[in-house]
Amino acid sequence: MSSYRDVQTAVRVEKLRIWFAWVCGNIILLILANGTKDVRIVSTITLVLLIVGFLALTTALFRMTGALNRKAAAARREVLGDDA
């Protein structure tokens, strides 16, 4: 049986990993968009892909964070004995 502190630490670490992945993904998308800004049609396509990629990454971020919060709440209830 894990302690309440272990649950909190694990949740914090996983959330930091999720946010770090989100930031890195968006930085990569911005670098790609900046690299193609001088070519007209490629720049337009890249901009559309940047928007789609940002929305996909943000949706995944919030879904993963929500799932992690639900798992953490269940683990906290189990650790604290609040399974009523």
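Note that the structure is predicted; figures quoted are calculated from it, not measured.

Engineer: Can you walk me through helix α1 (residues 4-35) in this structure?
Structural biologist: Since there are 3.6 residues in each turn of an α-helix, residues three or four apart along the chain are aligned in direction. Given a rise of 1.5 Å per residue, 32 residues ought to cover 46 Å, and the 47 Å separating the end C-alpha atoms of α1 matches this to within 8%. All of the buried residues along α1 are Val7, Val11, Ile18, Gly25, Asn26, Leu29 and Ala33. In this structure, the buried residues of α1 make contact with α2 (40-80).

Engineer: What's the story with the packing of aromatic side chains in this structure? I'm lost.
Structural biologist: Centre distance and the angle of the planes are the two values used to describe a pair of aromatic rings. Summed over the entire model, instances satisfying the criterion amount to 2 aromatic pairs. With centroids separated by 5.5 Å and ring planes inclined at 80 degrees, the aromatic side chains of Trp19 and Trp22 adopt a geometry described as edge-to-face. With Trp19 and Trp22 both in helix α1 and 3 residues apart, this pair spans about one turn of that helix. With a centroid separation of 6.1 Å and 55 degrees between ring planes, the pair formed by Trp22 and Phe54 is classed as tilted. Of this pair, Trp22 sits in helix α1 while Phe54 sits in helix α2; the two residues are 32 residues apart in sequence, bridging distant segments of the chain. Look at Phe54 and you get partly exposed, because its relative accessible area is 39%. Grouped by ring-pair contacts, the aromatic residues Trp19, Trp22 and Phe54 constitute a single cluster.

Engineer: It is not clear to me how the environment of Asp6 should be interpreted in this structure. Could you clarify?
Structural biologist: Among the structural elements, Asp6 can be located in helix α1. For Asp6, a relative accessible area of 46% translates into the label partly exposed.

Engineer: Is there a simple way to think about α2 in this case?
Structural biologist: Here α2 contains 41 residues, and its C-alpha end-to-end distance of 59 Å stays within 8% of the 60 Å for a straight helix at 1.5 Å per residue. Residues of α2 that are buried: Thr46, Leu50, Gly53, Thr58, Leu61, Thr65, Leu68 and Ala72. At its buried positions, α2 is contacted by α1. Immediately downstream of α2, the backbone of Gly81 shows phi near 80 degrees, a positive value.

Analysis parameters
Residues numbered from 1 in each chain as written. Predicted model: local features only at pLDDT ≥ 70, side-chain atom pairs only at ≥ 80, totals over all residues. Heavy atoms only, no water. Helix = DSSP H or I, 4+ residues; strand = E, 2+ residues; numbered from the N terminus. Expected span 1.5 Å × (residues − 1). Buried < 20%, exposed > 50% of the residue type's maximum accessible area, 1.4 Å probe, protein only. Contact = heavy atoms within 4.5 Å. Phe/Tyr/Trp six-rings, centres within 6.5 Å; stacked < 30°, edge-to-face > 60°.

These values are about where atoms sit, not about what they do.
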